[in-house]
Amino acid sequence: LDFGFLRNRINGSIDFYVRESKDLLNAIPQAAGTNFSAYVLANVGTLRNSGVEFTLNTQPVATEKVSLDVNFNYTYNKNEITNLTVIPDDPTYPGIPTGGTQSNGNTQLHYVGYPRNTFYLYQQVYDTNGKPLEGVFVDRNGDGNITTDDKYLNHSAVGQHMFGLSSNLAVNKWSGGFVARAIVGNYLYNNVFADRSTRTAITGAYTLGNGISNYFNTGFTQGTSISAMSDLWVENASFIRMDNIFVGYNFGSLTKYISSVRAIASVQNAFIITKYKGLDPEANNGIDNNIYPRPRIFTLGLNFDF
């Protein structure tokens, strides 16, 4: 649906979509004696993305000396794995472990009926003061033991809500604008916290190590493979990021040889608003393995037209 009002000074579109991705590769088990390997790579996977996209472009002010453009877009996307095996809806298929970390195991699972990169971890137990208990998890199946059967599917690394906002303002010879965006509903496994939030990460066996202040929130003695598989380390990574801010001034014609001179100042990655405690909430596939942070770049420039 496309629309426009007031001589198209307000215009936009609304799109509804469903996209089916088929023939995705997956290593599926084979019956004994039927092949050289217990698994074979086959085009059996299917994935569905469905949602709505909304775009709005406006020009609130349009005069000879002043103009203002404001643009907004929003996307809601539902991601769902619909098949992973030769036999559809196979209830015995355990899914595909993924989301590997640098020092710990897989923290995610591709599973039918859930979004891709859904976290598959133990449910952390806390004391009366809300502090996590080291190595203590919820016995979800009630068998009296903590095993892989007690892991559960919870949040996904895929955000469902995406926003964009941009604006351009021109007043006489001045101009300026910004580009901002936001993602809501995405989660991250903070592998830095999972690795370094222990006393042994600080004291070490022989020398002092490079610990982190999150140790004071956990009080954990030492990191283990099972403690790293806790949903304690999964954080809400929703954010608002100011990608670019710029301002410019057009000096006009300075000499008969230069028809125009324009000065520009800009900032890339100006700021970010998020509750995520790591370096950057935009980590690949939902795993924060101590990624290199995005730099903040300041730029000054002059454009000459001859």
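Below or above, wherever it landed, is the structure these notes cover.

About the cut-offs
- Residues numbered from 1 in each chain as written.
- Predicted model: local features only at pLDDT ≥ 70, side-chain atom pairs only at ≥ 80, totals over all residues.
- Heavy atoms only, no water.
- Phe/Tyr/Trp six-rings, centres within 6.5 Å; stacked < 30°, edge-to-face > 60°.
- Lys NZ or Arg CZ within 6 Å of the ring centre and 35° of its normal.
- Pairing = 2+ DSSP bridges.
- Helix = DSSP H or I, 4+ residues; strand = E, 2+ residues; numbered from the N terminus.
- Buried < 20%, exposed > 50% of the residue type's maximum accessible area, 1.4 Å probe, protein only.
- Polar contact = N/O pair within 3.5 Å; in protein donor to acceptor, adjacent residues only side chain to side chain.
- Salt bridge = Lys/Arg side-chain N within 4 Å of Asp/Glu carboxyl O.
- Contact = heavy atoms within 4.5 Å.
- 1 Å grid on protein atoms, 1.4 Å probe; cavity = no way out; pocket = protein on both sides within 12 Å on 5 of 7 lines; lining within 4 Å.
- Points joined across faces, edges and corners; volume = space filled by probe spheres on them.
- Axes fitted to C-alpha atoms, helices over the stretch in contact; angles between N-to-C directions.

Focus on the packing of aromatic side chains
The final tally for this structure, using the stated rule, is eleven aromatic pairs. By way of ring pairs, the aromatic residues F54, F72, Y74 and F163 are connected into one cluster. R140 extends its terminal NZ or CZ atom over the ring of Y152, reaching a point 4.2 Å from the ring centre. Over the face of the ring belonging to F239 we find R241, whose NZ or CZ atom lies 5.6 Å from the ring centre.

Observations regarding the pairing of strand β3 (residues 39-62)
Consecutive side chains of a regular strand alternate in pointing toward one face of the sheet and then the other. Two strands pair when backbone bridges link them, and strand β2 (residues 10-29) and β3 are joined in this way by 18 bridges, in the antiparallel orientation. Bridging from a neighbouring strand, E20 pairs with R48 of β3. Judged from the 15 bridges that link them, β3 and strand β4 (residues 66-83) form a sheet pairing that is antiparallel. Bridged to T55 within β4 is N73.

Digging into unusual backbone geometry
The backbone of L6 shows a phi angle near 50°, a positive value even though the residue is not glycine. Relative to the elements of secondary structure, L6 occurs in the loop between β1 (2-5) and β2. Residue L6 is classed as exposed on the basis of its relative accessible area, which comes to 62%. Unlike most non-glycine residues, N117 shows phi in positive territory, near 55°.

A short note on the environment of D143
Positionally, D143 belongs in the loop between β9 (132-137) and β10 (152-156). Among the polar contacts listed, one links the side chain of D143 to the backbone nitrogen of N145, at a separation of 3.0 Å.

Side note on the pattern of salt bridges
As enumerated under the stated definition, the model contains eight salt bridges in all. Residue R181 is joined to E282 by a salt bridge in which the shortest nitrogen-to-oxygen separation is 3.0 Å. Taken together, the residues R181 in strand β12 (residues 174-184) and E282 in the loop between β16 (260-274) and β17 (287-288) connect sequence positions 101 residues apart. Salt bridges linked by common partners bring R181, R241, D243, D280, E282 and R294 together as one network.

Focus: the sheet that holds strand β13 (residues 187-190)
Taken together, the three strands give an open sheet; going across it, the order is β14-β13-β17, and neighbouring strands pair in mixed fashion. The open sheet has two edge strands, β14 (234-236) and β17, and neither has a second partner. Two elements, β13 and β17, share two bridges in a ladder whose sense is parallel. Note that in β17 the partner of Y189 across the bridge is I287.

Brief notes about the environment of V192
Of note, V192 is situated in helix α1 (residues 191-196). Residues V192 and F216, 24 residues apart in the sequence, show an inter-C-alpha distance of 15 Å. What V192 contacts, discounting residues up to four positions off in sequence, is I212, D288, N289 and N290.

Looking at the layout of surface pockets
Empty space left among the atoms is revealed by rolling a probe the size of a water molecule over them. By volume, the largest pocket is sized at about 310 Å³. What lines the largest pocket is a set of 19 residues, among which R116, A157, V158, G159 and N186 lie closest to the centre. Contributing elements (two or more residues each) for the lining of the largest pocket: β4 and β13.

Let's talk about the sheet that holds β2
As summarised here, the arrangement of the nine strands in space is β1-β2-β3-β4-β11-β12-β15-β16-β18, forming an open sheet in which the pairing is antiparallel. A strand with exactly one partner marks an edge of an open sheet, and here the two such strands are β1 and β18 (297-305). In this sheet, neighbouring strand axes are inclined to one another by 15° on average, regardless of whether the strands run parallel or antiparallel. Direction of pairing for β1 relative to β2: antiparallel, over a ladder of four bridges. Bridging from a neighbouring strand, F5 pairs with I10 of β2.

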